[in-house]
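The primary structure of each chain is shown beneath.
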Amino acid sequence: MSLGNIPPRTMHLHHHPAVRASLARGTAMARAASAAHVHAHVHAGLPAATTATRLLAARRAMSSTHIPHLAAAATASGSTSAATASRTRSATHGSFPTFAAAAATVQSRRAYSATPIQDAPEDHRYLSPGGPLEQYRGLVRSGRVRMDAHQLEIVRRLQVLHDRVVAANPPPSGGRAADEAVVDLVEEMEDAEHGRSLWNRFKSIFADESKADDAVKSDAADMAPPEVPSLYMFGTVGTGKTFTMDLFYHSLPKHIRAKRMHFNQFMINVHARSHELKSASTKPIDATPLVAAELARDARVLCFDEFQVTNIADAMILRRLLKLMFQRGIVMVVTSNRHPDELYQNGLQRESFLPCIDLIKTQCDVVSLNSGVDYRKRAQGTAPVYFHPLSPPATTFINTLWHTLCGSHADPPRDLPHTGRAVRVPRQVASRGVARFTFDDLCAQPLAAADYLAIVSHYPVILVDQVPTLSVTGNRAELRRWITFIDAAYDAKACVLLHTAAPVHQLVPVAPDEPPGDEERFATDRTLSRLMEMQGEEWVADPEVRALVFDAVREARRLVPDADANVGVGLASPASSSAAAAQGRA
């Protein structure tokens with residue numbers, strides 16, 4: 001087997017802050033010295049497996065005689081970096097064979113490996129030499145977006161961040177992927193030999209660190225200025241925060257490890273991974289440092305859409321997780337509808353979250369994108385996907401529409417499994433990707449973001465009927481679930497058909513007893529803006545899904561002659577081009 005047949009993986013060195021710089025230097029020297037020997041053996045005709053076997057033998061010899069306490073030393077304080085770097089340098093320049101130097105690299109790397117946190121969807125980034133600014137100007141020249149001075153200023157800031165990230169993360173040398181593949185194979189062989197799980201070899205390193213980390217304050221004052229500051233964008237709905245963040249993300253070179261996800265999904269992943277790590281341990285542990293280490297290993301840049309804090313569980317874990325992520329050098333680009341000072345407003349024990357707010361403001365450049373324009377509300381062709389009122393003729397029409405979508409048959413109810421639980425889907429046709437819920441099915445039950453994410457990931461077409469008018473003060477729990485469901489559907493580009501008591505923009509009227517500046521009112525306005533975009537004719541990108549929905553609506557109208565007279569369609573709101581709607585994604 002040649003090296004070219006071994007799937008390479010990118011090496012990620014993320015260590016305790018006190019040892020990271022020195023250990024990385026020593027590791028790089030060890031790899032550089034071993035690379036020539038790896039290539040010499042492979043190009044001399046030796047299979048990669050043979051080369052890896054020799055590396056493994058050297059690693060065994062070195063472990064037994066020279067580095068028996070490396071794992072324990074890795075959790076020590078400042079002296080660790082010098083000791084580890086010294087061992088690696090001596091392995092490279094002293095009497096040890098160069099294969100032993102590579103084995104030392106494996107040992108140091110193993111000390112900080114972990115099972116990856118659940119990932120975002122597949123990375124579809126492409127290489128753009130000019131970065132986000134060139135992309136934006138190209139879109140303006142092509143007429144796909146209109147020039148917006150506020151957006152342009154944000155894109156310029158993102159261009160500066162892009163250039164700094166690229167400068168801090170140069171592409172790897174040409175032969176590095178092959179060398180990494182051999183070292184990866186050594187790790188796999190040793191795992192098979194010892195039956196060692198990722199958790200078993202990971203927890204020993206971080207057991208002491210997790211205890212020590214309890215004493216670390218969350219105050220921003222003890223954090224050094226970041227080498228590359230993160231960026232926190234906030235502003236009103238539909239102004240283009242997500243649009244500009246995506247320009248940045250897609251312009252990053254492929255060699256830079258970057259992830260982009262909705263913040264709800266990120267927090268679901270964090271809580272799930274924390275639970276897995278705690279369950280794998282035979283004694284109580286603090287999983288937050290372990291999760292931070294995994295995140296730092298998997299991504300140099302994290303892009304979060306819709307950063308928000310709505311519950312105490314998220315607030316408390318973020319207080320420490322964000323600090324650990326910043327300490328490990330992760331660069332974040334965040335979009336939010338709230339200034340950091342307004343995060344978790346009126347939340348339970350908010351005073352405990354205030355250090356996290358200070359941390360965000362010191363580690364991120366906080367910029368506003370408030371152009372006063374909601375691009376989602378600009379005139380665009382509307383599709384017949386929202387229907388009202390909750391009257392007998394409208395109900396007849398909705399039932400006919402559903403039967404048409406189903407193709408005159410339906411599957412039995414389904415319990416959709418996800419993240420260790422299941423959500424009930426009362427009516428669905430799996431082969432057509434369609435599901436039907438009442439409002440109470442979705443929002444009167446104790447469902448959470450993970451349930452909604454599971455639904456929208458399995459069904460590209462979702463019909464929700466019997467949606468009543470709501471109140472911020474009288475239906476707060478149901479309204480919060482409704483907002484979370486629409487957020488999940490929006491991020492998944494699902495086609496949502498609604499049967500409502502009133503036009504969508506009138507579903508949540510302002511009540512006399514509603515407090516000014518209420519968080520749910522703010523979120524409701526964002527949801528309305530998203531629903532406006534989701535009714536656009538070009539919202540559904542899949543031509544088969546589009547044809548299924550539009551054909552079903554036309555057929556239901558034909559079968560229910562009085563539908564046009566008795567069923568209201570769409571939003572009573574002006575609508576521009578799909579490009580303007582895309583420009584306003586926020």
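See the structure above.
Turning our attention to the overall build of the protein. Secondary structure summary: the protein contains 22 helices and 13 strands in total. Carbon and sulfur atoms make up 55% of the accessible area of the protein, which totals about 24200 Å².

Attention shifts here to the packing of aromatic side chains. For any pair of aromatic rings, geometry is given as the distance between the ring centres together with the angle between the planes. Counted according to the given criterion, the structure contains 12 aromatic pairs. Seen in terms of ring centroids, Phe 263 and Phe 304 are 5.5 Å apart; in terms of plane orientation they differ by 75°. Their pairing is edge-to-face. Here Phe 263 is found in helix H11 (residues 263-280), whereas its partner Phe 304 is found in strand E3 (residues 301-305), with 41 residues between them in sequence. Here Phe 263 and Phe 304 have matching classes, each one buried. Taking the centre distance of 5.8 Å and the plane angle of 70° together, the rings of Tyr 452 and Phe 485 count as edge-to-face. With Tyr 452 in helix H17 (residues 449-458) and Phe 485 in helix H18 (residues 476-491), this residue pair connects regions lying 33 residues apart in the sequence. On the basis of relative accessibility, which here comes to 0%, the residue Tyr 452 falls in the buried class. Overall, the relative accessible area of 0% leaves Phe 485 in the buried class. Ring pairing ties together the aromatic residues Tyr 232, Phe 263, Phe 266, Phe 304 and Phe 307, which thus form one cluster.

Next up on the list: H11. Between its first and last C-alpha atoms H11 spans 26 Å; for 18 residues at 1.5 Å apiece the expected length is 26 Å, and the two agree. Buried within H11 are the following residues: Phe 263, Asn 264, Phe 266, Met 267, Ile 268, Asn 269, Val 270, Arg 273, Ser 274 and Leu 277.

Next up on the list: the sheet that holds strand E4 (residues 331-336). Pairing in this open sheet of five strands is parallel, and the strands run E2-E3-E4-E1-E5 from one edge to the other. Where the open sheet ends on each side, the last strands, each with one partner, are strand E2 (258-262) and strand E5 (364-368). Taking each pair of neighbouring strands and ignoring which way they run, the sheet shows an average axis angle of 10°. Inspection of the sheet shows strand E1 (residues 230-234) paired to E4 by four bridges, in the parallel sense. From the neighbouring strand, Phe 234 faces E4, where its bridge partner is Ser 336.

Per the stated rule, a full pass over the model turns up 19 salt bridges. Ionic pairing is found between Arg 260 and Asp 246, a salt bridge with its closest N-O pair at 2.8 Å. Of the two residues, Arg 260 sits in strand E2 while Asp 246 sits in helix H10 (residues 241-251), which places them 14 residues apart along the sequence. A salt bridge links Arg 320 to Asp 286, with the shortest nitrogen-to-oxygen separation between them at 2.8 Å. Of this pair, Arg 320 sits in helix H13 (residues 312-327) while Asp 286 sits in the loop between H11 and helix H12 (288-298); the two residues are 34 residues apart in sequence, bridging distant segments of the chain. Salt bridges sharing common partners tie together Glu 306, Asp 487, Arg 526 and Arg 530.

Judged by pairing direction, the sheet is mixed, and its six strands sit side by side in the order E9-E10-E11-E12-E6-E13 without closing on themselves. Looking along the sheet, the strands with just one partner apiece sit at the ends: strand E9 (427-429) and strand E13 (568-569). Sheet topology note: the strand E6 (residues 386-388)/strand E12 (residues 495-500) ladder contains two bridges and is parallel. By the bridge assignment, Phe 387 is partnered in E12 with His 499.

One finds Trp 482, Phe 485, Leu 497 and Met 534 to be the most contacted residues of the largest nonpolar core, which totals 65 residues. Top element by residues in this core is H18. It accounts for eight residues. Ignoring anything within four residues of it in the chain, the contact list for Trp 482 reads Phe 439, Cys 443, Val 464, Val 467, Leu 498 and Thr 527.

Procedures and definitions
- Residue positions are counted from 1 within each chain, in the order its sequence is given.
- Per-residue local features are limited, in this predicted model, to residues with pLDDT of at least 70; the limit for side-chain atom pairs, both in listing and counting, is 80 or more; totals at the level of whole chains, interfaces and linings are taken over all residues.
- Hydrogen atoms and water are omitted, and side-chain values are computed over all heavy atoms in the structure.
- Only DSSP runs of H or I covering at least 4 residues are called helices, and only runs of E covering at least 2 are called strands; the numbering of each starts at the N terminus.
- For the area figures, the Shrake-Rupley method with a 1.4 Å probe applies, and any residue is considered shielded solely by the protein chains shown.
- Centres within 6.5 Å make a pair out of two Phe, Tyr or Trp rings, where for Trp the six-membered ring is used; the pair is then stacked when the planes are under 30 degrees apart, edge-to-face when over 60, and tilted otherwise.
- The cut-offs for exposure are 20% and 50% of the maximum accessible area for each residue type, with area from a 1.4 Å probe on protein chains only; residues under the lower value are buried, those over the upper are exposed, and the others partly exposed.
- Multiplying 1.5 Å by the helix residue count minus one yields the expected span of that helix.
- Note on pairing: DSSP must find at least two bridges between two strands before they are called paired.
- A fitted line through C-alpha atoms represents every axis, and for helices the fit uses only the stretch in contact; the resulting angles, taken between N-to-C directions, go from 0 to 180 degrees.
- For salt bridges, the criterion is a side-chain nitrogen of Lys or Arg within 4 Å of an Asp or Glu carboxyl oxygen.
- In this description, a nonpolar core means a group of buried Ala, Val, Leu, Ile, Met, Phe, Trp, Tyr and Cys residues linked to one another through side-chain atoms lying within 4.5 Å.
- In what follows, a contact means two residues having at least one pair of non-hydrogen atoms within 4.5 Å.

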